[in-house]
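Each chain is listed here by its residues.
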Amino acid sequence: MLAIRTVRAAGVVAAALVVAAGARARADTFSALVEPRFELTRERRDDPGGAERTTEDMTFGQRYVLGLSKLLFPNIGLDAGGTFDDQLTWQRTDGAELHGETWRGSGYAHLNLNLGALAGSGGYDRTEEASSGAVGSGPRLVYETWTARGLWKPADLPQLSVAVSRANTYDTARRDRDLTVDDVLVAADYRGIPRLQLRYSLRYSNPEDRISGTDTTSIIQSAQVAYDDKLFRGRTNVYMSGTVSTTVSSTSILGTGGTVSTQVLPLTGLSLVEGALDTPTFDKLVANPALVDPSSTVSANINIGYGVPLGDVAYRDLGAQFPDVLTKTSLVYVWVNKRLPKDIASAFTWTAYTSKDNATWTPVPLAGAVVFGDFDNRFEIPLVPTEAQYLKVVVRPLAKGVTTLPDYSEILVTKLQFFLVQPAAEVRGRTSTHSESVVATQQTRIFSVPNVSWDASVSANHSGQGNRTSYTVVNGLSLAQRLSSVWSVSGRVQRQDADAGSGHTGSYLWAASASAQPLPTLTHALTYSGQWASTPIGIATSNSLNLFNRAELYRGLSLLASGGVNEGTSDLGVETRAVTATAVAAATPHPKLTLGASYLYGSTWTAPLGQGWSRQQTERIDGSASATPFSVLYLSAVVSRILRGAVPTTLLNTSVAFSPFEGGNLQLRVSYGESLDTAADAVVKTFVSGVHWMLRPGVLIDTSYSSIDNRAPTGRTRTDSVLTLLTLTF
């Protein structure tokens, strides 16, 4: 089979190259890539008893990529192409041999029309994949999509768009998977009146699952009006919007029944790369709208690949805020920017949490194994059905020992999606829901000197499902004033009333800060904030005081010191006290040498209602040094001593990188790294070398060797890998 596919692929490439010559002659764009690869890995495991187990993996892969962009007529263009990947593997463990093959092929053809005010496109996409043999046997899967889009942009009239698609997902035997989804979206957008926006959309969706016998038809309508303006000669900014949406669904069950997935739309996306003092159960995520925008290809600036800074194993929190605390979800999709093989995807460990205030989080059990999509670049995380206003999933970056392939150094999260999965029998028949929401905000500058402003906002949402209403009302006064060339002050007082579905919560928030900059290289800041809130459960209070100092003592030498104290009582009566202190020094005594040191201390006292105080402390010292004595040589070392924590530990990471002939057709690279963990009594040594040789334009060969030696009391693992990659581009 491999030989047959290789001959076929080679024939396709040869034919494409003939087309390429003609395409180039007509100034059209054509590209082709041929990339065979060979990888050999040997892993030796020694247990404490002295027994050794050896596993050898050999992989031969081939990849072909074609692309064509051609202008057929002055206003009509063609985009077409395809990719074929084939991977043949052999595995031998203690004399037992296994082999398997996995292949994936995809192709597309799109026609595009551009007449200025009128544009459209139509096309066909198809992807097939299968695996065979003792390793990873599976059915042949097919995913195909027919699409057509149209856009009309008349002057002074609403802009109209139409998108129609049919997607089929099935295995060729039609035994385990046979799903067809028809989708039609019609939208109108009018902005012909200054400061006024009118939008309307109508969507028809019909997923039909022939395996489970479920057929669901949904019609979703949404209308929005928005207005923004400046009043009183620009002193006041106002914004108002109102949205009405309805959903009518009909579900029929013709067979044994199955499940129906309903997408749950969040208000905004949230994310956080946790710090040294953060834990998944106590942290505050920040807004990240890119996580919930329509695109699944644009990065949300969160990397979960192994190419993060040395020693970075911090949790990545990915979440969202929903309209109220009764919003129910049971499935999360985490989209990334590339496909991941099973061994890479399974190396991630996911957990989930819910919160009512984006501060205190409660774990949510997973309802099953996390899988990576067959055709889509996404993790699919099933949850036990849960109701919450805030939901997040948490993961650490890919461990550096899992792979050394550069493709997985950067794995960027691009999108989050949330769904409620229900048995079809529960939603059988016709259902109808509606929702209405309004938002109004204003900000008025009362005085210019001092700079005093008043802001107010109102947001309300009503859902016909359960007849739920949620609202938030905010009124605030803000002050910001520079007293002199050195001193500046700011402050804010705010009243907030809200009901997210669990009862009224009223709160007062206040904050004040003073900063001084006596010299351009010297900065001080003192900040105080507090909150009092009355919830349906009880009274919650909090107060915090923080001091920040930064000094550039000399050119190339800077110091930073900060500290803070805070105290609070939750509405459940849980009291907390905390003290934090941080000091950082950075020095560049020479352009080729950088030094750094930091100290971190944190102590938290907690007293649940009716119980005594408990204390948790964190204290660590970090030091780093990096040097580039020559442009081709890089040296670095990072040492960390955890003085207080779960277990006192010393962590050490050192690395050496050598790259002669940098920037030429022939490049060599050699690097060595060593990590020490005294608490686990573990040492990891990593050696990587490689050759990158551009034989001529379009012909590249890359060969690398890596060795990872992991020693711990539980045993020793040594992994040696050789990878050779040939890339031909046309």
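These numbers were taken from a predicted model, which means no experiment stands behind them. (Residues numbered from 1 in each chain as written. Predicted model: local features only at pLDDT ≥ 70, side-chain atom pairs only at ≥ 80, totals over all residues. Heavy atoms only, no water.)

Participant: Lay out the overall build of the protein in plain terms, naming residues and giving numbers.
Facilitator: A count of helices and strands for the protein gives 2 helices and 39 strands. Taken over the C-alpha trace, the protein has a radius of gyration of 30 Å; the compact-globule value for 730 residues is 27 Å, and the two agree within 12%. When the backbone C-alpha atoms are referred to their principal axes, the protein occupies close to 75 × 65 × 55 Å. Counting over 730 residues, the protein shows a buried share of 31%. In the protein, the share of contacts with a sequence separation of at least 24, taken over all contacts with a separation of at least 6, comes to 55%. Considering the protein, the positive charge centre built from 62 side chains and the negative charge centre built from 64 side chains are found 5 Å apart. (Helix = DSSP H or I, 4+ residues; strand = E, 2+ residues; numbered from the N terminus. Rg over C-alpha atoms; globule rule 2.2 N^0.38 Å. Buried < 20%, exposed > 50% of the residue type's maximum accessible area, 1.4 Å probe, protein only. Contact = heavy atoms within 4.5 Å. Lys, Arg positive; Asp, Glu negative; His and termini not counted. Charge placed at Lys NZ, Arg CZ, Asp CG, Glu CD.)

Participant: Summarise the side chain of Glu129; cite the residues concerned and give the values.
Facilitator: By the element assignment, Glu129 lies in strand 5 (residues 118-133). A distance of 2.5 Å separates polar atoms of two side chains, one belonging to Glu129 and the other to Arg104. If we skip the residues at most four places from it in the chain, Glu129 touches Trp103, Arg104, Pro139, Arg140, Leu141, Asp374 and Phe375. (Polar contact = N/O pair within 3.5 Å; in protein donor to acceptor, adjacent residues only side chain to side chain.)

Participant: I'd like a description of the packing of aromatic side chains, backed by residues and values.
Facilitator: Per the counting criterion, the structure on display carries 11 aromatic pairs. Each ring, one from Tyr124 and one from Trp146, has its centre 4.2 Å from the other, and the planes form 45°; the classification is tilted. Here Trp146 lies in strand 6 (residues 138-152) and Tyr124 lies in strand 5, a separation of 22 residues in the sequence. The exposure class assigned to Trp146 is partly exposed, which follows from its relative accessible area of 48%. The structure contains a cluster of three or more aromatic residues connected by ring pairs, namely Phe348, Trp350, Phe372 and Phe379. Cation over ring: Arg378 sits above Tyr333, and NZ or CZ is 3.8 Å from the ring centre. Here the guanidinium or amino end of Lys392 rests over the ring plane of Tyr353, the centre of that ring lying 5.3 Å away. (Phe/Tyr/Trp six-rings, centres within 6.5 Å; stacked < 30°, edge-to-face > 60°. Lys NZ or Arg CZ within 6 Å of the ring centre and 35° of its normal.)

Participant: Provide a residue-level description of the pattern of salt bridges, including the pertinent values.
Facilitator: Should the charged atoms of two oppositely charged side chains come close, the side chains can pair. All told, the structure shown has 39 salt bridges when counted by the stated rule. Here Glu52 ties to Arg718 by a salt bridge, and the two come within 3.4 Å at their closest N and O atoms. Residue Glu52 is found in strand 2 (residues 52-73), and its partner Arg718 is found in strand 39 (residues 715-729); the two are separated by 666 residues along the sequence. Ionic pairing is found between Lys392 and Asp317, a salt bridge with its closest N-O pair at 3.0 Å. Taken together, the positions of Lys392 in strand 21 (residues 390-395) and Asp317 in strand 15 (residues 316-321) put the pair 75 residues apart, joining distant regions of the chain. This pair shows no difference in class: Lys392 is buried, exactly as Asp317 is. Three or more residues joined by partner-sharing salt bridges are found here, namely Arg126, Glu128, Arg140 and Glu144. (Salt bridge = Lys/Arg side-chain N within 4 Å of Asp/Glu carboxyl O.)

Participant: I'd like a rundown of a nonpolar patch on the surface, residues and numbers included.
Facilitator: A grouping of Val493, Tyr508, Trp510, Leu526, Tyr528, Trp532, Ile539, Leu545, Leu547, Val565 and Val579 is seen on the molecular surface, where their side chains present a nonpolar patch of about 900 Å² in accessible area. Mapped by element, the contributors of at least two residues to the nonpolar patch are strand 27 (504-519), strand 28 (522-534) and strand 29 (539-554). Locating Trp510 in the fold gives a position in strand 27. (Patch = residues over 30% accessible without salt bridge, like charges linked within 9 Å, V, L, I, M, F, W, Y side chains within 5 Å. Areas by Shrake-Rupley, 256 points an atom, 1.4 Å probe, with all protein chains shown as cover.)

Participant: So what's going on with the pairing of strand 16 (residues 328-336)? Which residues, and what values?
Facilitator: Burial of strand 16 is extensive: 8 of the 9 residues sit out of reach of the surface. Strand direction decides the pairing type here: strand 16 and strand 20 (residues 378-387), joined by 7 bridges, are antiparallel. Across the sheet, residue Tyr333 finds its bridge partner in strand 20, namely Glu380. Two strands pair when backbone bridges link them, and strand 16 and strand 22 (residues 413-423) are joined in this way by 6 bridges, in the antiparallel orientation. Looking across to strand 22, one finds that Tyr333 is bridged to Gln417. (Pairing = 2+ DSSP bridges.)

Participant: Lay out the sheet that holds strand 15 with the relevant residues and their values.
Facilitator: One key point about sheets: their strands pair by backbone hydrogen bonds, in either a parallel or an antiparallel sense. Reading across from one edge, 14-13-15-21-17-18 is the order of the 6 strands in this open sheet, with antiparallel pairing throughout. Each of the sheet's edge strands pairs with one partner strand only, and the pair in question is strand 14 (286-287) and strand 18 (362-364). Bridging between strand 13 (residues 268-273) and strand 15 involves 6 bridges; their strand directions are antiparallel. Across the sheet, residue Leu270 finds its bridge partner in strand 15, namely Gly319.

Participant: Go over the nonpolar core, please, and point to the residues and values.
Facilitator: Counting residues in each nonpolar core, the largest one holds 35 residues, and the members touching the most others are Val332, Val334, Leu340, Phe348, Trp350 and Phe379. At the level of elements, strand 15, strand 16, helix 2 (342-345), strand 20, strand 21 and strand 22 are the ones that each hand at least two residues to this core. The dominant element in this core, judged by the number of residues it contributes, is strand 22, at 4 residues. Not counting residues up to four positions away in its chain, the partners in contact with Phe348 are Ile304, Leu340, Phe379, Val395, Arg396, Pro397, Leu398 and Ile411. Residues Leu270, Leu272, Trp361 and Val394 belong to the second largest nonpolar core, which totals 7 residues. (Core = buried A, V, L, I, M, F, W, Y, C linked by side-chain atoms within 4.5 Å.)

Participant: Go over unusual backbone geometry, please, and point to the residues and values.
Facilitator: Val449 connects to Pro450 through a cis peptide bond whose omega is -10°. Residue placement: Pro450 occurs in the loop between strand 23 (429-447) and strand 24 (451-463). For Asn358, which is not glycine, the phi dihedral falls at a positive 60°.

Participant: Tell me about the sheet that holds strand 22, and please be specific about residues and values.
Facilitator: An order of 12-22-16-20-19 is seen for the 5 strands of this open sheet, with the pairing classed as antiparallel. Of all the strands in the sheet, just strand 12 (259-264) and strand 19 (371-372) have a single pairing partner and so form its edges.

Participant: Tell me about the environment of Arg550, and name the residues and values.
Facilitator: In this fold, Arg550 is placed in strand 29. Among residues more than four places away in sequence, those in contact with Arg550 are Thr521, Leu522, Thr523, Leu559 and Leu560. At 3.4 Å, the side chain of Arg550 forms a polar contact with the side chain of Glu552.

Participant: Mind laying out the side chain of Asp499, listing which residues take part and the relevant values?
Facilitator: Within the fold, Asp499 resides in strand 26 (residues 487-499). It is Arg468 that comes nearest to the buried, bridge-free Asp499 among opposite-charge side chains, at 9.5 Å. Looking at Asp499, its side chain comes within polar contact range of the main-chain nitrogen of Gly503, at 3.1 Å. Excluding residues that lie within four positions of it along the chain, Asp499 makes contacts with Thr469, Ser470, Tyr471 and His504.

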